[in-house]
Amino acid sequence: MLTLQQIIKKFESKGRKTDLYLPKEQIIECLNEINNKDIYNREVAEQLLDQTPSQIQNLKVIAYRLSDLAQTMIDATNILQDKIKKANAQVQAYKEYRLKIDSQLASTSPSSDERYLYITIIQISNIQLKIRYLSCFLNLVLGQTSHVAKPIQNHDKFNPEFNVEFEFQIPALVPLLCIQFYIINESNTQLLVGQTTLQLQSLEDSNIKELDLAFKDAVGREIQTEVKLEALIVLNKHQHLLSQKQKYDTKIFNFQTDIKEYTDDLNVIMRPFSNDSADDKERQKLQIFNAWKKKEEQKEEERQMQYQVLGENQNQSQQVLSVHDAPQEVQAAPIEEDYFESDQLNHGIIVFLLYALLTMFICFAKPSFMDFLVSYGMFFVVLLDQFDPSHVKLVGIGLVASIFYDMIWLKQYHLWWTSDDENNPEWGLEAINLLRFVLLLTYMQFLYKFVVCYYLYHFYKASEDPTKQYKFVIWKFEFRVGQHKNLQVWQ
């Protein structure tokens, strides 16, 4: 292992002071002196100097310190060793994928006419901030086949990544794939946030298609959350597996080429500063590595032969297996949903009803159409399941506007209290009792609207959580509101 002191001692052995600033050509000349056997690779030297702190001398010459260059070399060797390690891990992973493909190739036929769908779930994006959950997952359903996709560990709560792939055999007369997005809340209950569908007719054979599908809630409204995926339909699985195997072989070759380049650059940096004993150790390590690599290749060939034999045995066993031995499908059981009952929300319904009754009586003499619209909006929240923050906010804006309208109206018509035939010929003295009644109710409703605002605010806060459902009982009639009132959640 190359150390900083080892590099500095090598520079000092050639009579160089490591704390002095030297121009680039003198440093490259010093590297050539240290590398006795060959000229130091100039391209690698310039790359190292580009990453080394420098100083401009005489307004033209860029100078470097050998001590800074030594630290850059240590950093470069660490980076290259890390890249080699990661590339070797990728090569090993792709070799395992290739072995699985070899085992599947043994069980498929080149003349098969069965269609397959390959889905890669990449990410879910734009999960609303108000949705709080412990974990989430996707349920992919095609016909009678379903798969569950879970996000990676330590995922982002608002944009979780999945990076998982699934294979579906496409049954006849099934036109679409259903994708359901579930969350598990703090009470350990599974709730369906939304679902979307993928039309299989929109996909082309052997062409990967990237899609962003928006989820819809239980009443068919689009939410902001989307799923990003890649879809591929394959008409011949055998040919697809062959192309996948070729793709993995190409990736393995590219990674092995990168490993060779990283190793060459690492040797260029380390060789001039390694002593003879270290060179011998490196040669021994290289010999051990080559011997281990040869054994691994032999083991891989043996595993391929075993997979081929296993695939042939599976084909024979599938032909012998009768229809009566096929496993029966287990149907999922429904999960009962929890409906919440809130005293404040129930009291709010009574408050809204009194507000509507006051509006009806006031309309005997005052054109209070805005109050009628606000009343309709309040009852639409429950009766038509408009339990949505945007709708409740719109009703609140109308209620505030009606308060300002009352202030303007009362300023103009407060003299109705002393109405007679002269100052109010439109109504006259005979209508004074009606006008006084309407004025009194208007003052009462004006103050009462602030109570309505209080309960409407609680409705707004409750509607911000789309995972909760509420149940209201008005006389003997029951109303369920929320995005899941007509939804059955399946496990």
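Each chain has its residues counted from 1, following the order in which its sequence is written. The predicted origin of the model limits local features to residues at a pLDDT of at least 70 and limits the giving and counting of side-chain atom pairs to 80 or more, whereas totals for whole chains, interfaces and linings rest on all residues. For side-chain calculations, the full set of non-hydrogen atoms in the structure is used, while hydrogens and water are omitted.

A.B. asks: Help me understand the sheet that holds strand β1 (residues 21–23) in this model?
C.D. replies: Neighbouring strands of a sheet are bound in pairs by backbone hydrogen bonds; such pairs are parallel or else antiparallel. Read across the sheet, three strands follow the order β1-β3-β2 without closing on themselves; strand pairing throughout is antiparallel. A single partner strand is all that each edge strand has here, and the edge strands are β1 and β2 (54–57). Sheet twist, expressed as the mean angle between neighbouring strand axes with direction ignored, is 45 degrees. Pairing between two strands is assigned when DSSP locates at least 2 bridges connecting them. Secondary structure elements are defined from DSSP: runs of H or I of at least 4 residues count as helices, runs of E of at least 2 residues count as strands, and each element is numbered from the N terminus. Summarising the sheet, β1 and strand β3 (residues 61–65) pair through three bridges and their orientation is antiparallel. Looking at β3, one finds that Tyr-21 is bridged to Arg-65. Across the sheet, helix α4 (residues 66–105) touches β1 and β3, and the angle it forms with β3 is around 70 degrees. The convention used is that axes are lines fitted to C-alpha atoms, helices contributing only their stretch in contact, and that angles between N-to-C directions extend from 0 to 180 degrees. We call two residues in contact when some of their heavy atoms are within 4.5 Å.

A.B. asks: Please clarify how helix α5 (residues 237–270) should be interpreted in this entry.
C.D. replies: Its 34 residues give α5 an end-to-end C-alpha distance of 49 Å, which sits within 8% of 50 Å, the value for a rise of 1.5 Å per residue. Only protein chains enter the accessibility calculation, which uses a 1.4 Å probe; a residue whose area is less than 20% of its type maximum is buried, one above 50% is exposed, and one in between is partly exposed. Within α5, the full set of buried residues consists of Lys-237, His-238, His-240, Leu-241, Gln-244, Tyr-248, Ile-252, Ile-259, Leu-266, Val-268, Ile-269 and Met-270. In the core, the buried residues of α5 are packed alongside α3 (42–50), α4, β4 (116–125), β7 (161–169) and β11 (222–234). The length a helix should cover is 1.5 Å for every residue beyond the first.

A.B. asks: What is the right way to look at the pairing of β3 in this model?
C.D. replies: The side chains of a regular strand alternate, residue by residue, between the two faces of the sheet. For β2 and β3, the ladder comprises four bridges, and the chain directions are antiparallel. Opposite Ile-56, over in β3, you have Ile-62 as the bridge partner.

A.B. asks: Whenever I open this one, unusual backbone geometry confuses me. Can you help?
C.D. replies: For residues that are not glycine, phi is negative in most cases, and the peptide bond is trans in most cases. With a phi close to 65 degrees, Asn-126 is a non-glycine residue in the positive phi region. Relative to the helices and strands, Asn-126 resides in the loop between β4 and β5 (135–142). Of note, the phi angle at Leu-173 is positive, near 60 degrees, even though the residue is not glycine. Note that Leu-173 resides in the loop between β7 and β8 (176–184). Classification of Leu-173 by relative accessible area gives exposed; the value is 88%.

A.B. asks: How should the packing of aromatic side chains be read in this particular structure?
C.D. replies: What counts as a ring pair is set by centres within 6.5 Å for rings of Phe, Tyr and Trp (its six-membered ring), and what kind of pair is set by the plane angle: stacked under 30 degrees, edge-to-face over 60, tilted for all other angles. Using the criterion set out here, one finds eight aromatic pairs in the structure. Each ring, one from Phe-137 and one from Tyr-182, has its centre 5.1 Å from the other, and the planes form 10 degrees; the classification is stacked. Taken together, the residues Phe-137 in strand β5 and Tyr-182 in strand β8 connect sequence positions 45 residues apart. As far as burial versus exposure is concerned, Phe-137 and Tyr-182 are alike and both buried.

A.B. asks: Looking at this structure, how should I read the pairing of β8?
C.D. replies: Most of β8 is tucked away, with eight of its nine residues classed as buried. Of the strand pairs in this sheet, β5 and β8 are connected by seven bridges, and their pairing is antiparallel. Residue pairing for β8: Phe-137 is matched across the bridge by Tyr-182. Examined bridge by bridge, β8 and strand β9 (residues 190–199) share nine bridges and lie antiparallel to one another. When the bridges of β9 are listed, Cys-178 appears paired with Thr-197. The hairpin turn running from β8 into β9, its antiparallel successor, is five residues long, and Asn-188 in that turn takes a positive phi close to 60 degrees.

A.B. asks: What am I meant to see in the nonpolar core here?
C.D. replies: Nonpolar side chains tend to gather and get buried jointly when the protein is soluble and globular. By nonpolar core we mean a set of buried residues, namely Ala, Val, Leu, Ile, Met, Phe, Trp, Tyr and Cys, connected to one another through side-chain atoms within 4.5 Å. Membership of the largest hydrophobic core comes to 38 residues, with the highest contact counts inside it found for Phe-11 and Met-73. Of all elements in the fold, only α1 (4–13), α2 (24–34), α3, α4 and α5 reach the threshold of two or more residues within this core. With 13 residues, α4 is the single largest residue contributor to this core. With residues near it in sequence (within four places) discarded, Phe-11 still touches Arg-16, Thr-18, Cys-30, Leu-31, Ile-34, Leu-66, Leu-69 and Phe-273. The next biggest cluster of nonpolar side chains, apart from the first, holds 34 residues, and it includes Leu-117, Cys-136, Phe-168 and Leu-198.

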